[in-house]
Amino acid sequence: MSDRDNRDDRCPTIAIADGDLGSIAADDRGVSNVVGYVLVFSLIIVTIGTVFTVGLAGVEDRQEAARVTNVERAFDVFDDNIRDIQRYGDPSRSTEVRLNGGRLVVADPTTVRVENSSGGTVTEPITTSPLEYTNGDTTIAYEAGALFRSDSGRSTMLSTPRFVAADGRTVLPLVRLFRDTEAASAGGTSTVQIEAQTPNDGSLGRFNATDDPHRVSVESPRAAAWGRYFERTDGFDEVTANETVASATLTENETVYVRRIAIDITLRE
């Protein structure tokens, strides 16, 4: 049988119309591509939005921390200026601080007492008005010659007072801040000048063992930080502290010197 006969015996090819099903299949692929594009685009938008929101919050937190840190540095300068007044007898010093939305105030007085063993006072109560900067839950304060920072209620002493105890003697230099009633607070975003002036070179009291100076106590919102200072400082023992009062026994009490340095504070915007 010839090749031609074999070809003729094969079944003929029949073309069947698909009723335009091919075009429908093509449309399905197109819809799938659009849906995929929308899903990917949505995922990108959500990711960018999340990163932007979280990142922006982090940047704002860092900016706020930087602003508070700058205020803390200004208080370091203020602390140094007060020490210069003590050491060199300068009549006045000025310190600038940018408030950055916080509030600066010469606050209600803190009280320091030097007591004898029976609980009586060797000196009359010594008061000082702390200089406080508050922004949110952070407070930076200068009090009785020490510098503090409080975050969410917990206080840390950043710079210690110049208390000295050795060889049977204790020296307690207490910086007493007094506020100018006409300019005792400032707030907003402006820069404030803190003017510190001393009307005299301070008074000095000397107490011998016969006067029995036994304990020193500090009544303050930062009493817990004062307590920790007494615990780690030579010359102080039997420390007690709660939220409002910290006290300690003076171990070097053969002679006790209490120096009171008066500083007048004026805030100028």
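The structure we're discussing is the one just above.
Rules behind the numbers
Residues numbered from 1 in each chain as written. Predicted model: local features only at pLDDT ≥ 70, side-chain atom pairs only at ≥ 80, totals over all residues. Heavy atoms only, no water. Helix = DSSP H or I, 4+ residues; strand = E, 2+ residues; numbered from the N terminus. Buried < 20%, exposed > 50% of the residue type's maximum accessible area, 1.4 Å probe, protein only. Contact = heavy atoms within 4.5 Å. Pairing = 2+ DSSP bridges. Axes fitted to C-alpha atoms, helices over the stretch in contact; angles between N-to-C directions. Core = buried A, V, L, I, M, F, W, Y, C linked by side-chain atoms within 4.5 Å. Patch = residues over 30% accessible without salt bridge, like charges linked within 9 Å, V, L, I, M, F, W, Y side chains within 5 Å. Areas by Shrake-Rupley, 256 points an atom, 1.4 Å probe, with all protein chains shown as cover. Salt bridge = Lys/Arg side-chain N within 4 Å of Asp/Glu carboxyl O. Phe/Tyr/Trp six-rings, centres within 6.5 Å; stacked < 30°, edge-to-face > 60°. Lys NZ or Arg CZ within 6 Å of the ring centre and 35° of its normal.

The next thing to look at is the overall build of the chain. Broken down by element type, the chain carries three helices and 17 strands. Split into buried and exposed, the 269 residues of the chain put 40% on the buried side. By sequence separation, contacts in the chain at least 24 residues apart represent 70% of the contacts at least 6 residues apart.

Strand order in the open sheet made by the five strands is β4-β3-β14-β16-β15, with antiparallel pairing throughout. The two strands at the open ends of the sheet, each matched to only one other strand, are β4 (126-128) and β15 (236-241). The sheet shows a mean angle of 15° between the axes of neighbouring strands, direction not considered. Here strand β14 (residues 215-219) pairs with strand β16 (residues 245-250) via five bridges, running antiparallel. Bridge pairing in β16 links R215 to T249.

In globular proteins that are soluble, nonpolar side chains generally tend to be buried together. Core analysis: the largest hydrophobic core is formed by 26 residues, its most contacted members being F75, F78, L104, L131, Y142, I263 and I265. When residues of this core are traced back to their parent elements, those giving at least two are α2 (21-88), β2 (103-106), β5 (131-135), β6 (138-143), β10 (169-179), β12 (191-197) and β17 (255-268).

Taken together, V40, I44 and I48 make up a surface patch of nonpolar side chains, about 270 Å² in accessible area. Looking at where V40 falls in the secondary structure, it is placed in helix α2. Accessibility expressed as a relative area gives 49% for V40, which makes it partly exposed.

Counted under the stated rule, the structure contains eleven aromatic pairs. Measuring from ring centre to ring centre gives 6.4 Å for F163 and F236, while their planes differ by 45°; the resulting arrangement is tilted. In this pair, F163 sits in the loop between β8 (154-159) and β9 (164-166) while F236 sits in strand β15, placing the two residues 73 residues apart along the sequence. An aromatic cluster of three or more residues is present, and its members are F148, F163, W226, Y229, F230 and F236. The ring of F148 has R222 lying over it, and the distance from NZ or CZ to the ring centre is 5.9 Å.

As a further point, take the pairing of strand β3 (residues 110-115). Judged by how many residues are buried, β3 sits mostly within the fold: five of six residues are covered. Where β3 and β4 come together, three bridges link them in antiparallel fashion. Residue T111 lies in a different strand from β4, and its bridge partner there is T127. Relative to β14, β3 is paired through five bridges, and the arrangement is antiparallel. Its bridge partner being in β14, R113 is matched across the sheet by S217.

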